[in-house]
Amino acid sequence: MEPGGRRGLASARGPASATRKPRQEPGAGAEARAPGASAVRARRFLLCLYLVGFLDLFGVSMVVPLLSLHVKSLGASPTVAGIVGSSYGILQLFSSTLVGCWSDVVGRRSSLLVCILFSALGYLILGASTNVFLFVLARVPVGIFKHTLSISRALLSDLVAEKERPLVIGQFNAASGVGFILGPMVGGYLTELDGGFYLTAFICFSVFILNAGLVWLFPWRDAELTSTEKGLPVGKNPALWGKTDCEVQEAAAPCQSRARGKPARPPWVEVASTLRDMKSLIFSEMWDIFMVRLLMAVAAMLYYSNFMVGLQERFGVRPRAAGYLISYSSALGALAGLALGPILRLYRHDGHAVLLHSSALTCVLLLLHAATHTVAVAVLCASLLAVSTAVGRTCITDLQLAAGGAQTSGTVIGVGQSVTAVGRIVAPLLSGVAQEVSPCGPPSLGAVLALVAIFIMSVNRPRYGRGGRDKLKSE
């Protein structure tokens with residue numbers, strides 16, 4: 001009787017439980033009927049990320065312009081100072097990809113915190129550097145772990161839809177650019193005080209610690225909810241290309257369900273597996289994107305690395321006036337990031353066309369800057385170059401993410417940063433050789449490299465037309 005009674009009780013509870021489920025759904029329906037709630041959560045998290053980008057470049061830009069002066073004051077020769085400066089690019093070359101795919105494996109929050117804290121350690125050592133050895137030692141953790149902006153961009157790509165991604169990344173670059181505008185002015189003022197460099201380095205360390213605290217207090221729950229609503233995973237994303245049965249993005253969900261049944265592998269095994277596929281990524285259909293990024297990065301670095309010296313030698317502009325012009329150009333670059341939304345709407349969200357035209361504008365402006373004999377034209381070129389390079393950086397990042405897929409956004413951005421690090425190593429050498437020929441040599445060489453990038457983009461233009469972008473993702 002008792003078992004039968006229990007069965008009867010269970011059967012009696014069946015309809016009741018069936019009626020309870022619909023009662024729970026109105027709560028979810030009420031949340032679904034408030035679409036503004038998810039938008040507010042997403043916007044709140046994005047604003048937090050923008051603040052992190054601002055503080056990051058604000059702290060860095062206080063110190064970086066003073067590094068060459070400080071290392072020379074420690075007794076280093078120009079050759080040693082150049083080698084120390086190149087060491088940062090070399091470390092970034094090897095660490096960008098590693099940290100990018102590591103962030104795909106362990107999650108954005110952990111990787112952001114580790115990178116910020118180790119960067120803060122580097123600037124703390126820099127503030128105590130009284131000899132060249134400590135100066136070099138301070139650059140090591142910064143060169144390895146200074147990838148806050150890259151991980152933040154990967155996190156942005158996890159949270160927003162593909163159509164909104166260029167606009168959001170442009171806003172993030174604009175917020176970071178504001179920090180780059182204010183930082184040099186604060187650092188320049190502090191340097192004039194007694195022990196100003198050490199004070200500036202300690203303040204930079206404090207800014208990074210503040211940034212780590214902000215990341216720790218982030219509303220990460222909002223990020224998870226936003227990502228779930230968009231159907232995007234946050235954090236632990238396996239990054240494989242051509243090694244799974246799910247080669248088409250529409251099959252991603254079945255692949256993930258099968259992956260859940262497999263035992264979890266240690267993080268270092270996931271990173272090693274990802275790195276084994278880096279060759280196929282670089283030499284895949286994305287080779288032209290990385291090549292264009294390298295060429296345009298070197299072209300811009302050739303221009304900016306010789307900017308102050310060129311203005312002084314060609315036009316007699318004093319360094320202080322050149323510094324004001326750099327801050328003015330940085331402000332225009334930040335505004336260009338905010339204006340990227342209307343630009344993309346004008347181009348019907350064709351990022352490749354925007355990149356092609358911005359690169360063409362950069363090429364023309366570099367040639368004009370090299371040929372001009374008046375300060376007014378040089379200032380005009382600097383103003384427009386700030387806009388074209390800012391738009392180009394955002395578009396090339398968006399093309400990388402679109403071709404690589406959001407599942408491996410950290411790794412794809414990491415590879416892109418490694419490509420840029422190659423430019424940081426090559427550009428000073430090319431600039432020195434070109435400057436031996438003429439003060440106009442670096443921007444002229446930059447225009448030639450930009451022209452090669454335009455040719456590569458024009459040849460591969462059909463792959464990025466309508467339907468070509470989706471085809472590229474599935475390859």
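Residues numbered from 1 in each chain as written. Predicted model: local features only at pLDDT ≥ 70, side-chain atom pairs only at ≥ 80, totals over all residues. Heavy atoms only, no water.

J.: A description of the confidence of the model for the protein chain should follow, citing residues and the corresponding values.
T.: Of all residues in the protein chain, 72% have pLDDT values of 70 or greater, and the mean over the chain is 75. Counting interchain partners and residues more than four positions distant, the pLDDT-below-50 stretch residues 1-33 has two contacts. Low pLDDT, under 50, characterises residues 231-263; the predicted model gives this stretch 53 contacts beyond four residues in sequence or across chains. (pLDDT = per-residue confidence, 0-100. Contact = heavy atoms within 4.5 Å.)

J.: Describe the pattern of salt bridges, with residues and values.
T.: Counted by the stated rule, this structure contains four salt bridges. Two residues, Arg-165 and Asp-398, come together in a salt bridge whose shortest N-O distance is 2.9 Å. You can see Arg-165 sitting in helix α8 (residues 165-191) and its partner Asp-398 sitting in helix α19 (residues 375-404), a full 233 residues away along the chain. Within the structure, one salt-bridge network assembled from shared partners comprises Asp-104, Arg-108 and Asp-158. (Salt bridge = Lys/Arg side-chain N within 4 Å of Asp/Glu carboxyl O. Helix = DSSP H or I, 4+ residues; strand = E, 2+ residues; numbered from the N terminus.)

J.: Explain the packing of aromatic side chains to me, using residue names and the numbers behind them.
T.: One pair of aromatic rings is described through two measures. These are the centre distance and the angle between the planes. In total, this model carries eight aromatic pairs according to the counting rule given. Taking the centre distance of 5.4 Å and the plane angle of 65° together, the rings of Phe-45 and Phe-218 count as edge-to-face. Of this pair, Phe-45 sits in helix α2 (residues 35-63) while Phe-218 sits in the loop between α9 (196-216) and α10 (220-230), and the two are 173 residues apart along the sequence. Like Phe-45, the residue Phe-218 is buried in the burial classification. With centroids separated by 4.8 Å and ring planes inclined at 75°, the aromatic side chains of Tyr-303 and Tyr-304 adopt a geometry described as edge-to-face. By relative accessible area, which is 3% here, Tyr-303 ends up buried. According to the relative accessible area criterion, Tyr-304 is partly exposed, its value standing at 39%. Just above the ring of Trp-216 sits the side chain of Arg-109; from NZ or CZ to the centre is 4.9 Å. (Phe/Tyr/Trp six-rings, centres within 6.5 Å; stacked < 30°, edge-to-face > 60°. Buried < 20%, exposed > 50% of the residue type's maximum accessible area, 1.4 Å probe, protein only. Lys NZ or Arg CZ within 6 Å of the ring centre and 35° of its normal.)

J.: Tell me about helix α6 (residues 132-145), and please be specific about residues and values.
T.: For α6, built from 14 residues, the straight-helix expectation of 20 Å at 1.5 Å per residue is met to within 8% by its first-to-last C-alpha distance of 21 Å. Those residues of α6 lying buried are Phe-135, Ala-138, Arg-139, Pro-141, Val-142, Gly-143 and Phe-145. One side-chain oxygen of the residue at the start of α6 lies 3.2 Å from the amide nitrogen of Phe-133, identifying that residue as Asn-131. (Expected span 1.5 Å × (residues − 1). Polar contact = N/O pair within 3.5 Å; in protein donor to acceptor, adjacent residues only side chain to side chain.)

J.: I'd like a description of the environment of Arg-44, backed by residues and values.
T.: Structurally, Arg-44 is set in helix α2. The spatial distance from the C-alpha of Arg-44 to the C-alpha of Phe-218 is 9.6 Å, given a sequence separation of 174 residues.

J.: Could you give an account of empty space enclosed by the protein, with specific residues and numbers?
T.: Here the idea is plain: a probe the size of a water molecule rolls over the atoms and shows the empty space left. For the structure shown, the criterion picks out four cavities of 30 Å³ or more. Size it by volume and the largest cavity reaches roughly 70 Å³. If you trace the largest cavity, you find it lined by Leu-302, Tyr-303, Asn-306, Phe-307, Gly-310, Leu-311, Arg-314, His-369, Pro-439, Pro-442 and Pro-443. For the lining of the largest cavity, the secondary-structure elements that each account for two or more residues are α14 (287-305), α15 (307-315) and α21 (441-459). The element that contributes the greatest number of residues to the lining of the largest cavity is α15, accounting for four residues. (1 Å grid on protein atoms, 1.4 Å probe; cavity = no way out; pocket = protein on both sides within 12 Å on 5 of 7 lines; lining within 4 Å. Points joined across faces, edges and corners; volume = space filled by probe spheres on them.)

J.: Describe the side chain of Ser-96, with residues and values.
T.: Summarising the element assignment, Ser-96 is placed in helix α4 (residues 78-106). Here Ser-96 falls in the buried class, since its relative accessible area comes to 2%. Among the polar contacts listed, one links the side chain of Ser-96 to the backbone oxygen of Gln-92, at a separation of 2.6 Å. With sequence-adjacent residues up to four places away left out, Ser-96 is seen in contact with His-147, Gly-414, Gln-417 and Ser-418.

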